[in-house]
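Inside the fold
If you want the building blocks of each chain, they are given just below.
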Amino acid sequence: MTHQPGSSKEEVASGLFGPYLLNEYEINHNLVGGEIGVYAVGFTGKDGVFYIDRVGRSEKTLAETLKKFEGIYKEFKFMFYATEKASFEKECDLFHLFKPRDNIAHPKGPKGTRLKCPTCGL
Ligand SMILES: [Zn+2]
């Protein structure tokens, strides 16, 4: 796959597992033992480095959320978290670190909470 302009090179470790091919089989076989978490989707460049086009976190479950991106993005990375708070903070962290091209807006905190972004306070 050729380099896509605007994709964010993972020059610093994201701390996520992967990358895995973004298909139902890989999602079902790798996302075991958790529901809440964050993801990064993108592709591995010719330089062997992962390029991030979008980051986010689980809606209902991380597996269901990732399946929506099948056919849109090529690969994914992920990490499970025990709480919505930890998941949101990691999502913010990734958002500020990589500024992925497909993340138009800043991540929103979980519904019913007043969690703020640890980086910018939004
Ligand atoms: Zn922020």
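We now turn to the structure provided with this report.

1. Structural notes on helix α3 (residues 84-98)
With 15 residues, α3 should reach 21 Å at 1.5 Å per residue; the first-to-last C-alpha distance of 21 Å fits that figure. At its buried positions, α3 is contacted by β1 (8-9), β3 (37-44), β4 (50-57) and β5 (75-80). Once α3 finishes, lysine 99 follows within two positions and takes phi at roughly 40 degrees, a positive value.

2. Topic: the sheet that holds β4
Read across the open sheet, the 5 strands follow the order β1-β4-β3-β5-β2; overall the sheet is antiparallel. Strands at the two margins of the open sheet, each flanked by one partner only, are β1 and β2 (17-21). Of the pairings in the sheet, the one linking β2 to β5 comprises 3 bridges and is antiparallel in character. Within β5, the residue paired with phenylalanine 17 across the bridge is phenylalanine 78. Contacting β1, β3, β4 and β5, α3 runs over the sheet at an angle of about 145 degrees to β4.

3. Topic: the pairing of β5
In terms of residue burial, β5 counts as a mostly covered element, since 5 of its 6 residues are buried. Bridge count between β3 and β5: 6 bridges; the pairing is antiparallel. Bridge pairing in β5 places valine 41 opposite phenylalanine 76.

Definitions and limits used
- Residues numbered from 1 in each chain as written.
- Predicted model: local features only at pLDDT ≥ 70, side-chain atom pairs only at ≥ 80, totals over all residues.
- Helix = DSSP H or I, 4+ residues; strand = E, 2+ residues; numbered from the N terminus.
- Expected span 1.5 Å × (residues − 1).
- Contact = placed C-beta atoms within 7 Å.
- Pairing = 2+ DSSP bridges.
- Axes fitted to C-alpha atoms, helices over the stretch in contact; angles between N-to-C directions.
- Buried ≥ 20, exposed ≤ 12 C-beta atoms within 10 Å, placed from the backbone.

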